[in-house]
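Residue-level structure breakdown
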Amino acid sequence: MGADKVAGMARIAVIGAGMGALAAAARLAVAGHRVAVYERTDTYGGALRRFERDGFSFDTGPALLPLPAVYRDLFVKTGKEPLESCVELVQVDPSARHVFADGTEVSLPNASRAGVVAALDEGLGAGAGQRWGDFLVRAREAWDRTRRPLLEEPLWPNWQVLAEREPYPSVPHKRLLRTRRAGTLAEIGAWELRDPRLTALLESHALGYGLDPRVTPASAAVLPYMEHAFGTWYVRGGLRELARAVHERCLARKVEFHFGADVTGVLEKDGRASGVECADGSVAEADFVVAGLAPGALARLTAGTVVRGDGEVPPQPAAASRLTVLLALRGARPEGTAHRTVVHAPDREAELEALFGTAAGASRPTVTVLRPDDPRTAPADHEAVTLTTVVPARPGRSHDDLADHMITVAERAVPGLRDRLLWREVSTPDDIADATGAEDGAVPVPALAAGGGRLLHPANSTRVPGLYAVGGWAHPGGGLPHAGMSGALVAGLIVEGPEFRGSQ
């Protein structure tokens, strides 16, 4: 195959069984190709893992699903059964309850601008809702300007246009009699929201991915906009059920799976990828190779020859990780409890310095408390609660003190928590590294425009013909929807060739 495009049935080797890789595998298999997945661990799903003990069940990776249309499209394109026939999707309402540093609280309805405006006015004072609503209008403009190039198309060869142009619009400033364009999320908070609680609400969407709002481009306004516009969803039984459904769809499309298969090299012949070699010495020949790996890991498999196929861009900032505390509680979940409560840090500057400063310090971070209304996650008259926070992706750190602090913080959302506690388990960045292979358990961020290109990801095509990158560490970046989009882009590039320009 001289041209980088399928001509008839092709043999395709997929490295890794993360969600992006599974999405690509299913789409390629339904297009009539022989697809084999090689996964170094004993299961599928990447970060979508489950911990079970004594009848309790917890997600240890992502626990909520934004933009479910991505996976609806995957199931429509790969079989007759729609997504809702394979998993039970539940819209989370309220979308989140927020507990701010000053003690004020507000519960925000799911996917309702009018409802959010009213809730913020009632909880934070008159005018707060209007300022947030006006911000969402501008965030939608940034979304409309970047949606296709960042999510639905392969990375542009002239990616510099995305890197240099800030899509978040300028705002008229009455006193200055001119417009002013925010360059960072922090500037949006200071100039446009003008309330530390609204700023905390805005910045929590970036902090959830380990992004420092002081330097994160204003284009990250699309993150809260996505949640507002498309809602927040839960999969009954936990997000691991979504991974199961995608894996089963792959099996139905005759995708082969090889678990415990540690790929140690990408083979090349006549200047293009020709297969994979595993740690046990076995070799699998292929016409195309799809790798769901971080750039460094992929470079090691190709003797360092893999870089972005569409030009060099600045390296990404140091990635962060997550600490997750799983709590088994006696006593049933009270009626009317919010699925998600975000308890914001008492000191914004101290939190940011602990996360992004040059030296690790004591941290009192923002903690997210997840309490699903799902009898499948706990025995009768018991409750499974999950706490998460962002931590630096630094090796060799103990997280025991932070886990204890997270439980103390969570008592603001779960009164009497310690009296109900049966046991706890802690999932650390090391556990994420074991599950995903990401160095230090780092979690990839979504691709974002502006910022000099620091938050763009490697192109799906590479300098090795026939070798493609998929998943959170490739375009369009991290997050469950982005992983699914990555799989669609890779499948399109292989089936249609370099002229593929994304879905229409």
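Our subject is the structure that appears above.
This write-up is about the structure you can find in this document. (Residues numbered from 1 in each chain as written. Predicted model: local features only at pLDDT ≥ 70, side-chain atom pairs only at ≥ 80, totals over all residues. Heavy atoms only, no water.)

Residues of helix α11 (residues 348–356) that are buried: E351, L352, A354 and L355. In an axial view of α11, the angular spread of the buried residues amounts to 165 degrees, which keeps them on one side of the axis. N-cap assignment for α11: the residue whose side-chain oxygen lies 3.2 Å from the backbone N of E349 is D347. (Buried < 20%, exposed > 50% of the residue type's maximum accessible area, 1.4 Å probe, protein only. Helix = DSSP H or I, 4+ residues; strand = E, 2+ residues; numbered from the N terminus. Arc of directions from axis to C-beta. Polar contact = N/O pair within 3.5 Å; in protein donor to acceptor, adjacent residues only side chain to side chain.)

Strand order in the open sheet formed by 3 strands is β5-β11-β6, with antiparallel pairing between adjacent strands. For this open sheet the edge positions go to β5 (65–66) and β6 (89–91), each flanked by a neighbour on one side alone. Inspection of the sheet shows β6 paired to strand β11 (residues 232–235) by 3 bridges, in the antiparallel sense. Residue pairing in the sheet places L89 in a bridge with V235 of β11. (Pairing = 2+ DSSP bridges.)

So, about the pattern of salt bridges. All told, the structure shown has 31 salt bridges when counted by the stated rule. Note that D195 is salt-bridged to R197, the shortest N-O span being 2.9 Å. Both residues of the pair, D195 and R197, count as buried. For R348, the salt bridge identified is with E349, shortest N-O distance 2.5 Å. According to the relative accessible area criterion, R348 is partly exposed, its value standing at 29%. (Salt bridge = Lys/Arg side-chain N within 4 Å of Asp/Glu carboxyl O.)

A cis amide bond links D93 to the next residue, P94, at an omega of 5 degrees. Within the secondary structure, P94 sits in the loop between β6 and β7 (96–99). The backbone phi angle of A111 is positive, close to 55 degrees, even though this residue is not glycine. Position of A111 among the secondary structure elements: in the loop between β8 (105–108) and α3 (113–124). Classification of A111 as partly exposed rests on a relative accessible area of 38%. In the Ramachandran plot, D381 falls in the positive-phi region, its phi being about 60 degrees despite a non-glycine side chain.

Let us look at the pairing of β11. In summary, the side chains of a regular strand alternate between the two faces of the sheet. Neither face of β11 is left uncovered, since the one carrying T232 and Y234 and the one carrying W233 and V235 both have all their residues buried. As paired elements, β5 and β11 share 2 bridges and run antiparallel to each other. What sits directly across from P66, in β11, is T232.

Our next topic: the environment of V106. Inspection of the secondary structure assignment puts V106 in strand β8. Given the relative accessible area of 5%, V106 is considered buried. Each C-alpha atom of the pair V106 and A119 lies 6.6 Å from the other, and the pair is 13 residues apart in sequence. Apart from residues no more than four positions distant in its own chain, V106 is found in contact with A96, R97, H98, F100, A119 and L120. (Contact = heavy atoms within 4.5 Å.)

Applying the stated criterion across every chain, the model contains 11 aromatic pairs. Where F56 meets F58, the ring centres are 6.4 Å apart and the plane angle is 15 degrees; that geometry is what we call stacked. Each member of the pair F56 and F58 is classed as buried. Measuring from centroid to centroid gives 6.0 Å for F58 and W423, while their planes differ by 70 degrees, and the two rings are edge-to-face. Of this pair, F58 sits in strand β4 (residues 56–59) while W423 sits in strand β21 (residues 421–427); the two residues are 365 residues apart in sequence, bridging distant segments of the chain. The two residues F58 and W423 agree in class, both being buried. Linked through ring pairs, F51, F56, F58 and W423 together constitute an aromatic cluster. Residue placement shows R72 over the ring face of W233; its charged tip is 5.3 Å from the ring centre. (Phe/Tyr/Trp six-rings, centres within 6.5 Å; stacked < 30°, edge-to-face > 60°. Lys NZ or Arg CZ within 6 Å of the ring centre and 35° of its normal.)

Quick look at the packing of helix α7 (residues 196–207) against α11 now. Two elements in contact, α7 and α11, have axes whose closest approach is 13 Å; the angle formed by their N-to-C orientations is 10 degrees. The orientation of α7 with respect to α11, classified from their angle, is roughly parallel. Contact residues: T199, E203 and L207 in α7; R348, E351, L352, L355 and F356 in α11. (Axes fitted to C-alpha atoms, helices over the stretch in contact; angles between N-to-C directions. Parallel < 35°, antiparallel > 145°, perpendicular 65-115°, else oblique.)

If you trace the 7 strands from one edge of the open sheet to the other, you get β8-β7-β18-β19-β20-β17-β21, paired in mixed fashion. Each of the sheet's edge strands pairs with one partner strand only, and the pair in question is β8 and β21. Averaged over neighbouring strand pairs, the angle between their axes works out to 20 degrees when direction is ignored. Where β7 meets β8, 4 bridges bridge the pair, whose relative direction is antiparallel. Across the sheet, the residue bridging to H98 is V106, located in β8.

Turning next to the nonpolar core. Residues M19, Y71, W132 and F135 are the most contacted members of the largest nonpolar core, which totals 94 residues. Excluding residues that lie within four positions of it along the chain, Y71 makes contacts with M19, L65, L83, L242, V246, L480, P481, A483 and G484. (Core = buried A, V, L, I, M, F, W, Y, C linked by side-chain atoms within 4.5 Å.)

Moving on, we get to the environment of A442. Among the secondary structure elements, A442 is positioned in the loop between α14 (429–436) and β22 (467–469). Beyond its immediate stretch of four places on either side in the chain, A442 contacts A319, A320, S321, A393 and W473.

We now examine helix α12 (residues 400–410). Inspection of α12 places L402, A403, H405, M406, I407, V409 and A410 among the buried residues, and these make up the whole buried set. Of the surrounding elements, those touching the buried residues of α12 are β17 (320–330), β18 (340–343), β19 (367–370), β20 (382–392), α13 (417–420) and β21.

With that settled, consider the pairing of β4. The alternating pattern of β4 places F56 and F58 and S57 and D59 on opposite faces, both of which are buried. With 4 bridges joining them, strand β3 (residues 50–53) and β4 adopt antiparallel strand pairing. Looking at β4, one finds that E52 is bridged to S57.

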